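# Summary of structural features
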Amino acid sequence: MEEQSRKSASSRREQTVLRKNVLAQYVDLVQELKEVEHRIEDTKDKMRKLEEEGEVTDTVKGGEGGIQHYTITGFPQRDYNRMRILLNTRKSILHSLKSEIEQSINDVQEFINGIENSHDRRIVTMRVIDRMSWRQIAINMGGNNTEEGVRQTYHRLIERSEA
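Right, let's walk through the structure included here. None of these values were measured; they are calculated from a predicted model.

Turning our attention to the packing of aromatic side chains. Applying the stated criterion to the full structure yields two aromatic pairs. For the pair F75 and Y80, a centre-to-centre distance of 5.5 Å together with 65° between the ring planes defines the contact as edge-to-face. Its relative accessible area of 34% is what places F75 among the partly exposed residues. Classification of Y80 as buried rests on a relative accessible area of 13%. Positioned above the aromatic ring of W134, the side-chain terminus of R127 is 3.8 Å from the ring centre.

So this is what it looks like as structure tokens:
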């Protein structure tokens, strides 16, 4: 019986760590998604710039003993191709992240739905899903809620789920 109780306590701790990791992972995934989207736009901008500029010109030395100068004009196809490959890679990463975020959202929603108190559920939802600041949460909660009060409630809830 005692061993079963220890296993149960160990299982609860593992679930709590998993819950905290689910919340942290969700927040990180959303931020990573924004960063990848930004990198995709940067790459697209660089490709558009290359397309708009068209040909580039460069001067090289060569010929008899390297003393002759040659002017070379052309489209920087190699750079453009590298950017296109990079863009496709980033789009693939973005697609994977979106799938991962969808699963993470389901995990976070399960965690939030498992919170019995509506007040606490609202605080966690606003903080994790809606990414609100403590001040914004306090304002949205209304009543006598303060920034510090909602922050403490959130952290107590997470600590309680560890016990």
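Past the structure itself, the notes keep going.
Let's shift gears to the pattern of salt bridges. Summed over the entire model, instances satisfying the criterion amount to four salt bridges. E41 serves as the salt-bridge partner of K44, at 3.8 Å between the closest nitrogen and oxygen. On the criterion of helical spacing, the pair formed by K44 and E41 is a turn pair, its members being three residues apart in helix α1 (residues 2-53). On the accessibility criterion, E41 (39% relative accessible area) is partly exposed. The residue R48 makes a salt bridge to D45 at a minimum N-O spacing of 2.4 Å. You can see R48 and its partner D45 sitting in helix α1, three residues apart, about one turn around the helix. Taking relative accessible area as the criterion, D45 reaches 39% and is therefore assigned partly exposed.

Before going further, it helps to examine the packing of helix α2 (residues 77-113) against helix α3 (residues 118-129). Two measures define how a pair of helices packs: the angle their axes make with one another and the distance between the axes. Between α2 and α3, the least distance of the axes is 10 Å, while the angle of their chain directions is 160°. It follows from the interaxial angle that α2 and α3 lie roughly antiparallel. Like other packed secondary-structure pairs, α2 and α3 cross with a definite hand, here right-handed. Taken together, the residues of α3 that come into contact with α2 (itself represented by V108, Q109, F111, I112 and N113) are R121, V124, T125, V128 and I129. Split by residue class, the contact of α2 with α3 holds six nonpolar, three polar and one charged.

Time to look at unusual backbone geometry. With a phi close to 55°, R131 is a non-glycine residue in the positive phi region. Secondary-structure assignment places R131 in the loop between α3 and α4 (134-141). Given a relative accessible area of 36%, R131 falls into the partly exposed group.

Basis of the calculations
- Residues numbered from 1 in each chain as written.
- Predicted model: local features only at pLDDT ≥ 70, side-chain atom pairs only at ≥ 80, totals over all residues.
- Heavy atoms only, no water.
- Phe/Tyr/Trp six-rings, centres within 6.5 Å; stacked < 30°, edge-to-face > 60°.
- Buried < 20%, exposed > 50% of the residue type's maximum accessible area, 1.4 Å probe, protein only.
- Lys NZ or Arg CZ within 6 Å of the ring centre and 35° of its normal.
- Salt bridge = Lys/Arg side-chain N within 4 Å of Asp/Glu carboxyl O.
- Helix = DSSP H or I, 4+ residues; strand = E, 2+ residues; numbered from the N terminus.
- Axes fitted to C-alpha atoms, helices over the stretch in contact; angles between N-to-C directions.
- Parallel < 35°, antiparallel > 145°, perpendicular 65-115°, else oblique.
- Left-handed = near helix turned anticlockwise from the far one by under 90°.
- Contact = heavy atoms within 4.5 Å.
- Nonpolar A, V, L, I, M, F, W, Y, C, P; charged D, E, K, R; others polar.

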